[in-house]
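# Fold and geometry: a report
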Amino acid sequence: YDLTRKIGGEHVTVTNLVPPGTEPHDWEPGTDDLQLLENADLLIFNGAGMEHWLDKVLDALSNKDLLLVETTEGLDLLQAPHAHDEGDHAPGESEDEETHIENDPETADPHVWLDPQNALHQLERIRTALVVADPDHADAYNQAYDQYADELAALDREFRQGLAGLPRRDIIVAHEAFGYLAHA
């Protein structure tokens, strides 16, 4: 939602289907949301298993002109930390030593945007879709992309420089969402 608003600016109407304060992993669209999708030109979604409801909703829609934009398409996805059981490690391998590249959306960690390089990939996919859907405003979308791509590059540099000298690599969080940032 945020990246689409940044690229689309005044030329698009962006609706976040998942209401603020709602757990996106559990949310499912209601009838009002289906009506929005029936009238939409684009559905920009994360992918990587985040939208568990997507196939069911798409089958129910009569809007066959809806352009689908999966922003994680083409990324190497990490396996979600909870996607494997204790004992799934190779002999001699601890959980801390694992790095799982898992392009199966059923077991992938969907929080890709927390690595600024992945967010840049998502920004590019959004820009491309908006240019295809609305070529009259391509210059504005490209200009916005350039601006926010520079900001993401600066954020990536800030993370790398700020974390480079840390003696420990442990992060304590309330939600297992930072795998991509830690991996980067």
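Scroll up to find the structure.
These notes cover the structure that comes with them. (Residues numbered from 1 in each chain as written. Predicted model: local features only at pLDDT ≥ 70, side-chain atom pairs only at ≥ 80, totals over all residues. Heavy atoms only, no water.)

## Describing the layout of surface pockets
- There is about 1400 Å³ of room inside the largest pocket.
- Lining the largest pocket are 45 residues, and of these Tyr1, Thr4, Val14, Thr15 and Ile44 sit closest to its centre.
- Where the lining of the largest pocket is concerned, the elements lending two or more residues are helix 1 (2-8), helix 2 (31-38), strand 1 (42-45), helix 4 (116-133) and helix 5 (138-164).
- In terms of residue count, helix 4 provides more of the lining of the largest pocket than any other element does, six residues in total. (1 Å grid on protein atoms, 1.4 Å probe; cavity = no way out; pocket = protein on both sides within 12 Å on 5 of 7 lines; lining within 4 Å. Points joined across faces, edges and corners; volume = space filled by probe spheres on them. Helix = DSSP H or I, 4+ residues; strand = E, 2+ residues; numbered from the N terminus.)

## Some thoughts on the pairing of strand 1
- As paired elements, strand 1 and strand 2 (residues 67-70) share four bridges and run parallel to each other. Residue Leu42 lies in a different strand from strand 2, and its bridge partner there is Leu67.
- This β-α-β element, strand 1 to helix 3 (residues 54-60) to strand 2, shows right-handed connectivity. (Pairing = 2+ DSSP bridges. Right-handed = clockwise from strand over helix to strand, strands pointing away.)

## As for the side chain of Thr72
- The residue Thr72 is located in the loop between strand 2 and helix 4 in this model.
- From its side chain, Thr72 meets the backbone nitrogen of Ala48 in a polar contact 3.4 Å long. (Polar contact = N/O pair within 3.5 Å; in protein donor to acceptor, adjacent residues only side chain to side chain.)

## Topic: the pattern of salt bridges
- Inspection of every chain in the model, using the stated rule, returns six salt bridges.
- Across the salt bridge formed by Arg127 and Glu124, the nearest N and O atoms sit 2.3 Å from each other. Of the two residues, Arg127 and Glu124 are both situated in helix 4; the distance of three residues between them amounts to about one turn of the helix.
- A relative accessible area of 27% places Glu124 in the partly exposed class.
- Across the pair Asp170 and Arg168 runs a salt bridge, and its minimum N-O distance is 2.3 Å. (Salt bridge = Lys/Arg side-chain N within 4 Å of Asp/Glu carboxyl O. Buried < 20%, exposed > 50% of the residue type's maximum accessible area, 1.4 Å probe, protein only.)

## Section: the packing of helix 4 against helix 5
- Look at helix 4 against helix 5: their axes get within 9 Å of each other, and the N-to-C directions meet at 175°. Taken together, the axis directions place helix 4 and helix 5 in an arrangement best described as roughly antiparallel. Packed against helix 4, whose contacting residues are Pro116, Gln117, Ala119, Leu120, Leu123, Glu124, Arg127, Leu130 and Val131, the element helix 5 presents Ala138, Tyr141, Asn142, Tyr145, Tyr148, Ala149, Leu152, Leu155, Asp156 and Phe159 at the interface.
- Considering only residue class, the contact of helix 4 with helix 5 consists of 14 nonpolar, two polar and three charged. (Axes fitted to C-alpha atoms, helices over the stretch in contact; angles between N-to-C directions. Parallel < 35°, antiparallel > 145°, perpendicular 65-115°, else oblique. Contact = heavy atoms within 4.5 Å. Nonpolar A, V, L, I, M, F, W, Y, C, P; charged D, E, K, R; others polar.)

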